[in-house]
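Chain by chain, the residues:
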Amino acid sequence: NSFKAVTYTGDGGSRSVTGVGFKPDLIWMKRRNTAQEHALVDAVRGVQKHLNADLNAAESTETNGVSSFDSDGFTVGANGLMNNTSDTYVAWCWKAGNTWQHNIDGTIASITNTNTANGFSIVKYTGTGANTTVGHNLGAAPEVMIIKELGNSRDWGVYHKYNTGGSGNSNEERLKLNTNDATTTYAPYWNGTTPTSTVFSLGNEGNVNTSGEEYIAYCWTPKSGFSKFGSYSGSGSDGNAVSLGFQPDFVMIKRTNSTGG
């Protein structure tokens, strides 16, 4: 198993969250009962480094947040994003490779933590500000990529193979994780180039490729029974079935042709 969604109730101290079934490399957490930002931590950036999926904020260090990735889950401190007394939380956990690898498939080097069996890779790289490629180590072309600059307040960039937008080409379209914007045709994000089995391409857009700045990229490629990506048109009525071929534990949907959702 390489993905698990778990729920728990905060205790305001230091607590172990178990039942994941593996040592996670990416944890996406959200308080459920009150308004609160999403928090993402991963093994490549480090256990105390956290990002907000719904904000453009830079990475921050949370000494009271996640303190360790454990064999059956993780341990959290008293940070309100993750463990406030009596509040309820959900954590979506992915397993990557549990080890770092240096990748030189692209024109710039990257650090990757990859689970090729289930098609998930965490990639860290330093931008150049010019057209470039980055190795992802998946061995198959990623169909979804979520990218964030770490050091500054910049929007998240999202690539989706089936987001063809007004251009008709997914490699010219981008979405933002932290806003409800519709897709925008803007080739400098992905340099108008579709990802390959070894690299993804970047143009000179600052949200994904500012010279000298560090970035994290979460990349997925479909694997039978584990993940699938696609698109559909709304019907406005019940029963608009989308076939996956398996029962999913996590579903993520974004309206693309207009704001909202």
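I will try to describe carefully the structure that is included in this document. This structure is a prediction, so every number in the text was calculated from the model and none was measured.

## Side note on the overall build of the protein
Each helix and strand in the protein was counted, giving two helices and 19 strands. When its C-alpha atoms are laid out on the principal axes, the protein stretches across 50 × 50 × 35 Å. By the burial criterion, 47% of the 261 residues in the protein qualify as buried. Within the protein, contacts between residues separated by at least 24 positions form 59% of all contacts whose residues are at least 6 apart in sequence. Accessible area for the protein stands at about 11300 Å²; split by element, carbon and sulfur atoms hold 44% of it.

## With respect to the sheet that holds strand β7 (residues 66-70)
If you trace the three strands from one edge of the open sheet to the other, you get β2-β8-β7, paired in antiparallel fashion. Looking at the sheet topology across the chains shown, the edges are occupied by β2 (15-17) and β7. Strand-to-strand twist of the sheet, defined as the mean angle between neighbouring strand axes without regard to direction, takes the value 20°. Bridge analysis of β7 against strand β8 (residues 73-76) gives four bridges, and the strand direction is antiparallel. By the bridge assignment, S68 is partnered in β8 with T75.

## Focus on the layout of surface pockets
A volume near 1500 Å³ is recorded for the largest pocket. As for the largest pocket, its lining consists of 44 residues, of which H160, V251, M252, I253 and K254 are closest to the centre. Taken together, the residues of the lining of the largest pocket sort by class into 21 nonpolar, 18 polar and five charged.

## Focus: the packing of aromatic side chains
According to the stated counting rule, one finds 15 aromatic pairs in the structure shown. A connected cluster of aromatic rings, assembled from ring pairs, spans F3, W28, W92, W94, F120, W220 and F250.

## Description of the pattern of salt bridges
If you walk through the whole model with that rule in mind, you get eight salt bridges. With a closest N to O distance of 2.6 Å, D42 and R45 form a salt bridge. Exposure class is identical for D42 and R45. Each is buried. Residues K124 and E214 are paired through a salt bridge, measuring 3.7 Å at the closest nitrogen-oxygen approach. Taken together, the residues span a long stretch of sequence, with K124 in strand β12 (residues 120-126) and E214 in strand β19 (residues 214-220) at a distance of 90 residues. Look at K124 and you get buried, because its relative accessible area is 19%. By sharing partners, the salt bridges in this structure join D42, R45 and E59 into a single network.

## Looking at a nonpolar patch on the surface
A cluster of nonpolar side chains, contributed by Y232, V242, V251 and I253, occupies part of the molecular surface with about 410 Å² of accessible area. Of note, Y232 is situated in the segment after β19.

## A few points about the pairing of strand β5 (residues 46-51)
Bridge count between strand β4 (residues 39-42) and β5: two bridges; the pairing is antiparallel. If you follow L40 over to β5, its bridge partner there is L51. Counting the residues in the hairpin turn of β4 and β5 gives three residues. Across two bridges, the pairing between β5 and strand β6 (residues 60-61) is antiparallel. Residue pairing across strands places H50 opposite S60, the latter belonging to β6.

## Some remarks on the sheet that holds strand β3 (residues 26-31)
Hydrogen bonds between backbone groups are what pair the strands of a sheet, and the pairing can be parallel or antiparallel. Taken in spatial order, the six strands line up as β1-β9-β3-β4-β5-β6 in an open sheet, and their pairing is antiparallel. The open sheet terminates on both sides in strands that have one partner only, identified here as β1 (3-9) and β6. Summarising the sheet, β1 and strand β9 (residues 88-94) pair through seven bridges and their orientation is antiparallel. In the sheet register, A5 faces β9, and the bridge partner there is W92.

## Notes on the nonpolar core
Judged by nonpolar contacts, the single largest core of 25 residues is most densely connected at L26, W94, F120, I122, Y218 and W220. Mapped by element, the contributors of at least two residues to this core are β3, β9, β12, β14 (144-149) and β19. Setting aside residues up to four positions removed in sequence, Y218 forms contacts with L26, L40, D42, R45, L51, F120, S121, I122, V144, M145, I146 and W156. Among the nonpolar cores identified, the runner-up in size contains 19 residues, and V6, I27, Y89 and A91 belong to it.

Scoring rules and cut-offs
- In this numbering scheme, every chain counts its residues from 1 along its sequence in written order.
- Predicted model: local features are reported for residues with pLDDT of at least 70 only, side-chain atom pairs are reported and counted for 80 or more only, and whole-chain, interface and lining totals are derived from all residues.
- Excluding hydrogens and water, the side-chain figures rest on all heavy atoms present in the structure.
- Where helices and strands are cited, they refer to DSSP runs of H or I of at least four residues and of E of at least two residues respectively, numbered from the N terminus.
- Each residue gets one of three labels from its accessible area relative to the maximum for its type: buried under 20%, exposed over 50%, partly exposed in between, using a 1.4 Å probe on protein chains only.
- Contacts between residues were defined by any pair of non-hydrogen atoms, one from each residue, lying within 4.5 Å.
- Surface exposure here means Shrake-Rupley accessible area, sampled with a 1.4 Å probe, where a residue is shielded only by the protein chains that are shown.
- Paired strands are those between which DSSP finds at least two bridges.
- Between the N-to-C directions of two axes lies an angle of 0 to 180 degrees, each axis being a line fitted to C-alpha atoms and, for a helix, fitted only over the stretch in contact.
- In this analysis a 1.4 Å probe is tested at points of a 1 Å grid over the protein atoms alone, and where it fits but cannot get out there is a cavity; an open set with protein on both sides within 12 Å along at least five of seven lines is a pocket; lining residues have an atom within 4 Å of a point.
- Grid points are joined across faces, edges and corners, and a volume is the space filled by probe spheres set on the points.
- Think of it as three bins: nonpolar holds Ala, Val, Leu, Ile, Met, Phe, Trp, Tyr, Cys and Pro, charged holds Asp, Glu, Lys and Arg, and polar takes everything else, Gly as well.
- Stacked, edge-to-face and tilted labels apply to pairs of Phe, Tyr and Trp rings (six-membered ring for Trp) whose centres lie within 6.5 Å, assigned for plane angles under 30 degrees, over 60, and everything in between, in that order.
- A pairing counts as a salt bridge when a side-chain nitrogen of Lys or Arg comes within 4 Å of a carboxyl oxygen of Asp or Glu.
- Within this analysis, patches are made of residues with over 30% relative accessible area and no salt bridge. Like charges are joined at 9 Å or less; nonpolar side chains (Val, Leu, Ile, Met, Phe, Trp, Tyr) at 5 Å or less.
- Take the buried residues of types Ala, Val, Leu, Ile, Met, Phe, Trp, Tyr and Cys, join any two whose side-chain atoms come within 4.5 Å, and each joined set is a nonpolar core.

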